[in-house]
Amino acid sequence: MPRSRRDFSVLRIPCTKPGCNRWFKNKSGYTQHTNAVHPLLGATPLHTEPSQFNRSPSPFFNGDDNPLQSDGAGEENHSEIPRSAQSPIPAEFFGAGDRLYRNYHPSLTGRPCDPEGNFLPPGALPLPLSEKSADDWTPYRDRLEFELADYIFTRNQTPAAQIDHLLDLWAASLIRAGADTSQVLFTDHRDVYRTIDNTPLGDVKWQSFSVKYTGDIPDEGPLPWMTESYDVWFRDPHQVVQNMLANPDYASEVDMRPYREFATETDERQWQDFMSGDWAWNQADQIAKDPATHGSTFVPVILGSDKTTVSVATGQNDYYPLYASIGNVRNNVRRAHRGALAVVGFLAMPKTTKQHAKTAIFRRFHRQLFHSSLSFILRNLKPGMTKPEVVRFSDGHYRRVIYGLGPYIADYEEQVLLACIVRSWCANKSLDDDNLLRKRVHTDTLIEECDHGKLWDEYGIIAQLVPFTNDYPRADIHELIAPDLLHQIIKGAFKDHLVAWVEKYLVATHGQAQADIILDDIDRRIAAAPAFSGLRRFPQGRNFKQWTGDDSKALMKVYLPALEGYVPTDIIRTFRALLEFCYLVRRNVITETSLNEIDDAVARFHQYREIFKDTEIVSTFSLPRQHSIKHYNTLIRLFGAPNGLCSSIMESKHIKAVKEPWRRSSRYKALGQMLVTNQRLDKLTASRQDFYARGMLNGTSPGEHDDTGQHEPPVSSPPGEDENEDFDIIDDPTSVLAHVELAKTPQGTKRARSIPELSTELCIPDLADLVRCFLFEQSNPEDARDPTEVPLLEFPHYRGRISVFNSASSTFHAPSDLSGIGGMKREHIRACPLWRNECARNDCVFVITDSNARRMLGMDVARVMAFFSLRQHGRPIPCAVVRWFNRVGNAPDPDTGMWMVKPAFSAQNTPHFAIIHIDTIFRAAHLLPVFGTVPLSPSIKFHHVLDIFKLFYVNKFADHHAFEIAS
C-alpha cells in the first residue's frame, strides 16, 4: 500500500531497483518493499495460466463456472510521481479566481468516441440522450399517470388493498358526478404494478445461483449444513454500473479522469472526491502500460456489504445486502444516493445448529462462500478490466471504459472476512509494527513457505481462504479496505472503548456505589443539553441497551462537557483529540494542512490515552478499531475524503433497499417481494430521470397550484423524523452560500401586533428604544458614531404594526454534514413561547459582527428572544430581538477546545438586548453549560439551562459545519 510522505531526513536506505525512487528508514521497510513491489517470485502476466502462487479454487462452489480461477496482478507503481509524468501532464485551472488547478492523468483521458469506439475530434457534439419525443410518457399515458404511480409506490408506499380502495373511491365519486369512470387512471393495484413493470428503463433483472458444500464428508456422515443449498440473489453489476454512467441526474458530477488538485498560490495539494486520490492515478498508470487503453476512462467499482436486521420482534430477520457504486461520481452524489449507490445482491447467510456453528470447517465454508459468491457476481466485469469496452455516458458521449475493483466499504468484522485474517488482527498492517504492510504477493509467499499454525499465530492469516480479489487483475484486498469512520472510530474507539473506559475508571476510583451516583449525574447532564437543529436528545442519558450509529454520533456531540469535574484533565483531552480527529477526517475537502492537523490529533490522542493504562483500566492499546486511526492519513491520500466511502452511506441505504421493502412485504418468503419492490423503485427512478432530462417535468405537477411560477429548492426529510425535524436536506446545487429568512406565516393574534405589546410579552421595558436605535442604524449606514453617542431625539419613532414569527430558517453550505447534492442544508431557528406544547424555546445563533475576522473572532453569540418584521419606507424589514453573550478570553478552552461565552449585561447590570437584522445571522449556535463539580438537580430540564447557567461552551461538535466555524 502506498505510504504517506515522510520526512527526508529519516529516509536513509534507497531502493536499488531500476526506475524506483523509494527510500526507507530501516532494512525491514526496504525488505517489505522489495517483497511487495520487486518480488523475486515474478507476478503472473495477465491472460496466462495461474502460477503456483495463485492459490487453488474453493472446493465449495457448485457448478462448472468456478469463480476462484484467478489471474495474477501486474506490478504496482508506488512512487509519489508516476512514471507517466515523464510525458506532459494536462493541467486545468478552475474555481473562483482560478484558485485551484488540477493535473490530469496523461494517458487515461476519457476521450469521447463513437459507438464503435473510434475517437471523436475535439469539440464534437454528443448524440441526443433520447430519441423519444417530448410527449412520450411510455409506458404511462401522460404525466398525471406517472406522477400518481410514483406517488403511490415511491412516496406514499401505499399497500395494495389501500390502492384498490382509493381507486374505488375515485370511481364512485365520478359516478356520483355523472362522469365517465374511464377517467380513473388505473383499475386496481395490479394495473399500477403492471404499468411500472412495463417500464423499459432501469431494468436490470434479478438472478440467482445456488452454492453447496462439495468438500470432504466426515466418516460419520454429512453434517446438516453440508447437504443444504444456499441461494444468492444478484443483479448484474456490469449493467448496474453502465446505468450509473448513463444517469443524466448527475451528469455534471462525474469525473472522467484521475487528477491531482492543488491550490494555485501555495501549490498545496488537496483531496476531495475519489478520483483525486493516488489509488486511481496509480491504477491508471498500470492500465496505461497497454497502449490500447490510452484515451479510455477508468471506472473503479466500489463495493460494500453489511448485515442488517429488519425486525427483532418477529424473530431473526437478517439480510446481507451487497452494494455497488463507481468512483467517478463525486462524494456528494454518493452520499445523497441519487442512484449512485445500488443494491446488487443479497448474499447467503448459512446457519446451522449451535453444536456445529463454531466448528472450523463450518466457519471456513461460511467465509469461502462469501468470497466465492462475490467472485461469481462480479464475473461480467472482468473482461472490461483489461480490454476497453464502449459505454454511453450521462453527457450523451460514448467512451471507452476500463473497469477495476475499487475500495470495499465494510465494518471491522467484514474487513476480517474480506482480508482472510484472524479476528483481532488488522487487515492492512501489523497492530504493533507500522512497517509490516500486508500485500497479496507477500501473503501468498508466506502461505507457500509456512505451515498453517504459524500463519495463524504469527501473521494472523487464514491460509485455507482465498480472497475474491485474487480472481481479478490489479486487485489486492489489503489495499482496498476503505476507511470506516462510523464503525471503527465512532462506534468503536469512542463508544465501545472510551465511554466504557470512563465507567471503569469511575468504578476503580470511587467504588461501584459512588460511581453509579456519578454516572447518573452524567446522564442528567447529557439529558440537559438544550434543543438544537438535528440534535438527537437523550432524555434518560446514555443508559439504554440498543445502540445505533446515530446514537453514538449524537452522544459525541454532548458528552465532553458532561464529564468535566468527574475525570482527570487527560481523559478530557483524550476525548477532545478523538472528537477533533473524527471531525477533521469528515471534512469535504482535506488539504495537506488538514492532514497535519489530523496527525496532530492522532498524536495527542495517543499521548493522553495513556492515562487509562497508567490507572490500570486497560492493559493494551492493540485494538484493531482504535488502531485504524493510524491509517487515515494514507487512506485519504489514496481514496480522497473519507466521507464518500463511510459505511454510514450503506446504513442509510438499508432503509430504502431493505427495511422499507421488507415492511411492504407479506413477511412470508419476503426476499422475493423485496427484490420486486427494489426493481420497481429503480424503474420509477429511471423514468423520472428520463422525463426530467427531456424537460417533461418542468413546472408544477398536475393539480398543484402555483401563481408565481417560482419554486423553492426541492427538499427531503432526513431520517429520524422526531429527532431531526428542525432541518431539511436541499437538493439544489445553485443555492447561495448562506441565507436566513423568516417563516412563511406570522402568528397573528396569538402574538404581539405592536412594539409595546412585544415589549410586554418579552418583559423588555426599553424595547421601543432598541427599535428606534435599530431603525436609525438601518437608515444611516454611513454614520460612524456609536449608537450610545447619538442623541435619542435623532432616533426615529415606530408606531406601526409588526408581525411576529415563531421561527426563521437558515440555509447554508455544509457539504460535510447530511446535505443535498449541492451541499446545501436548511435548519430552523426557533423563538416561540410554547414548543411542542411543553415549554418556551429560544435558540441561540451566530451573528456576524466583523466580516474581516475569521471564525469565532468575527462572530458573536446571541439568544433569539423573538423574530418579527416591521415596515419602513414601504418595505418590510425582518428583525430579531436578541440577548448577547460575551466571549470569555481570546482563545478556546485548552482542555475541551471549545470557546466559552457568558450572558452579557449592560452598564445598568441588566441583560444586554438588541434588535438586529436577520441578514446578520449566520446560523444556529448550540451552547452547553459548564457544569463544574456540582451535581445537576433532577428538576433541571433541557429548557431551563440557558436561563440558569452563567457560563457556556460554544459546542463546536454540534455538527461538522459548526466545527469549521467555531473552532
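Since this is a predicted model, take the numbers as computed values, not measurements. (Residues numbered from 1 in each chain as written. Predicted model: local features only at pLDDT ≥ 70, side-chain atom pairs only at ≥ 80, totals over all residues. Heavy atoms only, no water.)

Draft legend 1. Region of interest: the overall build of the protein chain. Along the protein chain, the regular secondary structure elements total 25 helices and 32 strands. Across the 967 residues in the protein chain, those meeting the buried criterion constitute 55%. The long-range fraction of contacts in the protein chain, counting pairs at least 24 apart against all pairs at least 6 apart in sequence, stands at 70%. When the accessible area of the protein chain is evaluated, it comes to approximately 42400 Å², of which 51% is carbon and sulfur surface. (Helix = DSSP H or I, 4+ residues; strand = E, 2+ residues; numbered from the N terminus. Buried < 20%, exposed > 50% of the residue type's maximum accessible area, 1.4 Å probe, protein only. Contact = heavy atoms within 4.5 Å. Areas by Shrake-Rupley, 256 points an atom, 1.4 Å probe, with all protein chains shown as cover.)

Draft legend 2. Up close: the pattern of salt bridges. Applying the stated criterion across every chain, the model contains 40 salt bridges. A salt bridge links Arg 604 to Asp 600, with the shortest nitrogen-to-oxygen separation between them at 3.0 Å. With Arg 604 and Asp 600 both in helix H16 (residues 592–608) and 4 residues apart, the pair spans about one turn of that helix. Judged by its relative accessible area of 17%, Arg 604 is buried. Through salt bridges with shared partners, a single ionic network connects Arg 576, Glu 580, Asp 600, Arg 604 and Lys 956. (Salt bridge = Lys/Arg side-chain N within 4 Å of Asp/Glu carboxyl O.)

Draft legend 3. Representation of the nonpolar core. Grouped together as the largest cluster of nonpolar side chains are 96 residues, with contacts concentrated most on Tyr 403, Leu 405, Tyr 408 and Phe 468. Broken down by element, this core gets its largest block of residues, 7 residues, from helix H9 (residues 360–377). Excluding its chain neighbours within four sequence positions, the residues that come into contact with Phe 468 are Leu 303, His 371, Leu 374, Ser 375, Leu 378, Leu 405, Tyr 408, Leu 418 and Ile 477. (Core = buried A, V, L, I, M, F, W, Y, C linked by side-chain atoms within 4.5 Å.)

Draft legend 4. Just the confidence of the model for the protein chain, in detail. For the protein chain, per-residue confidence averages 84 on the pLDDT scale, and 83% of positions sit at 70 or higher. Across residues 38–87 the pLDDT falls below 50, and counting only partners more than four positions away or on other chains, this stretch makes 131 contacts in the model. (pLDDT = per-residue confidence, 0-100.)

Draft legend 5. The arrangement of the side chain of Thr 443 in detail. In this fold, Thr 443 is placed in helix H11 (residues 440–449). Among the residues examined, Thr 443 registers a relative accessible area of 8% and is labelled buried. At a separation of 3.5 Å, a polar atom in the side chain of Thr 443 contacts the side chain of His 478. (Polar contact = N/O pair within 3.5 Å; in protein donor to acceptor, adjacent residues only side chain to side chain.)

Draft legend 6. Representation of H9. The terminal C-alpha atoms of H9 lie 26 Å apart, and with 18 residues this matches the ideal 26 Å at 1.5 Å per residue to within 8%. Taken together, the buried positions of H9 are occupied by Phe 362, Phe 365, Gln 368, Leu 369, Phe 370, His 371, Ser 372, Ser 373, Leu 374, Ser 375, Phe 376 and Ile 377. (Expected span 1.5 Å × (residues − 1).)

Draft legend 7. Structural detail: unusual backbone geometry. Look at the link from Thr 138 to Pro 139: it is a cis peptide, with omega at 5°. Checked against the element boundaries, Pro 139 lands in the loop between strand S5 (112–113) and helix H2 (143–155). The residue Arg 667 is not glycine, and still its phi comes out positive at about 75°. Within the secondary structure, Arg 667 sits in the loop between helix H20 (648–664) and helix H21 (670–693). Overall, the relative accessible area of 43% leaves Arg 667 in the partly exposed class. In the Ramachandran plot, Asn 909 falls in the positive-phi region, its phi being about 60° despite a non-glycine side chain.

Draft legend 8. Region of the structure containing the packing of helix H3 (residues 160–176) against helix H4 (residues 189–197). For the pair H3 and H4, the least separation of the axes is 8 Å and the interaxial angle reads 110°. Classified by the interaxial angle, the pair formed by H3 and H4 is roughly perpendicular. Of H4, the residues touching H3 (which contributes Ala 160, Ile 163, Asp 164 and Leu 167) are His 189, Val 192 and Tyr 193. Split by residue class, the contact of H3 with H4 holds 5 nonpolar, 1 polar and 1 charged. (Axes fitted to C-alpha atoms, helices over the stretch in contact; angles between N-to-C directions. Parallel < 35°, antiparallel > 145°, perpendicular 65-115°, else oblique. Nonpolar A, V, L, I, M, F, W, Y, C, P; charged D, E, K, R; others polar.)

Draft legend 9. View of the pairing of strand S26 (residues 859–872). Most of S26 is tucked away: 12 of the 14 residues are buried. Both strand S25 (residues 844–848) and S26 contribute to a ladder of 5 bridges, which runs antiparallel. The residue of S26 that forms the bridge with Ile 848 is Met 859. Sheet topology places S26 next to strand S27 (residues 875–887); 10 bridges connect them, and they run antiparallel. Each residue of the ladder has a partner; that of Val 864, found in S27, is Val 882. (Pairing = 2+ DSSP bridges.)

Draft legend 10. Quick peek at the environment of Tyr 104. Summarising the element assignment, Tyr 104 is placed in strand S4 (residues 100–104). Judged by relative accessible area, which is 8%, Tyr 104 ranks as buried. Taking C-alpha positions, Tyr 104 is 8.8 Å from Glu 261, a pair spaced 157 residues apart along the chain. Within polar-contact distance, the side chain of Tyr 104 engages the side chain of Arg 102 at 3.4 Å.

Draft legend 11. Representation of the packing of H2 against H21. Viewed as axis vectors pointing N to C, H2 and H21 meet at an angle of 145°, and their least axial separation amounts to 11 Å. In terms of crossing hand, the pair formed by H2 and H21 is left-handed. Contacts between H2 and H21 pair Phe 146, Glu 147, Ala 149, Asp 150, Phe 153 and Thr 154 from the former with Thr 677, Arg 680, Leu 681, Leu 684, Ser 687, Arg 688 and Phe 691 from the latter. In the contact of H2 with H21, the residues fall into 6 nonpolar, 3 polar and 4 charged. (Left-handed = near helix turned anticlockwise from the far one by under 90°.)

Draft legend 12. Here's a closer look at the packing of aromatic side chains. Within the structure shown, the criterion is met by 35 aromatic pairs. Relative to Tyr 193, the ring of Phe 153 has its centre 5.9 Å away and its plane inclined at 80°; by these criteria the two rings are edge-to-face. Of this pair, Phe 153 sits in helix H2 while Tyr 193 sits in helix H4; the two residues are 40 residues apart in sequence, bridging distant segments of the chain. With respect to class, Phe 153 is no different from Tyr 193; both count as buried. Aromatic ring contacts, followed pair by pair, group Tyr 213, Trp 225, Tyr 230, Phe 362 and Phe 365 into a single cluster. Taking the ring centre of Tyr 104 as reference, the NZ or CZ of Arg 257 above it sits at 3.8 Å. (Phe/Tyr/Trp six-rings, centres within 6.5 Å; stacked < 30°, edge-to-face > 60°. Lys NZ or Arg CZ within 6 Å of the ring centre and 35° of its normal.)

Draft legend 13. Structural context of the state of the cysteines. For the structure on display, the rule yields 0 disulfides. Cysteine Cys 646 is unpaired, with the sulfur of Cys 582 as its nearest cysteine sulfur at 10.0 Å. The class of Cys 646 is buried, set by a relative accessible area of 4%. (Disulfide = S-S within 2.5 Å.)

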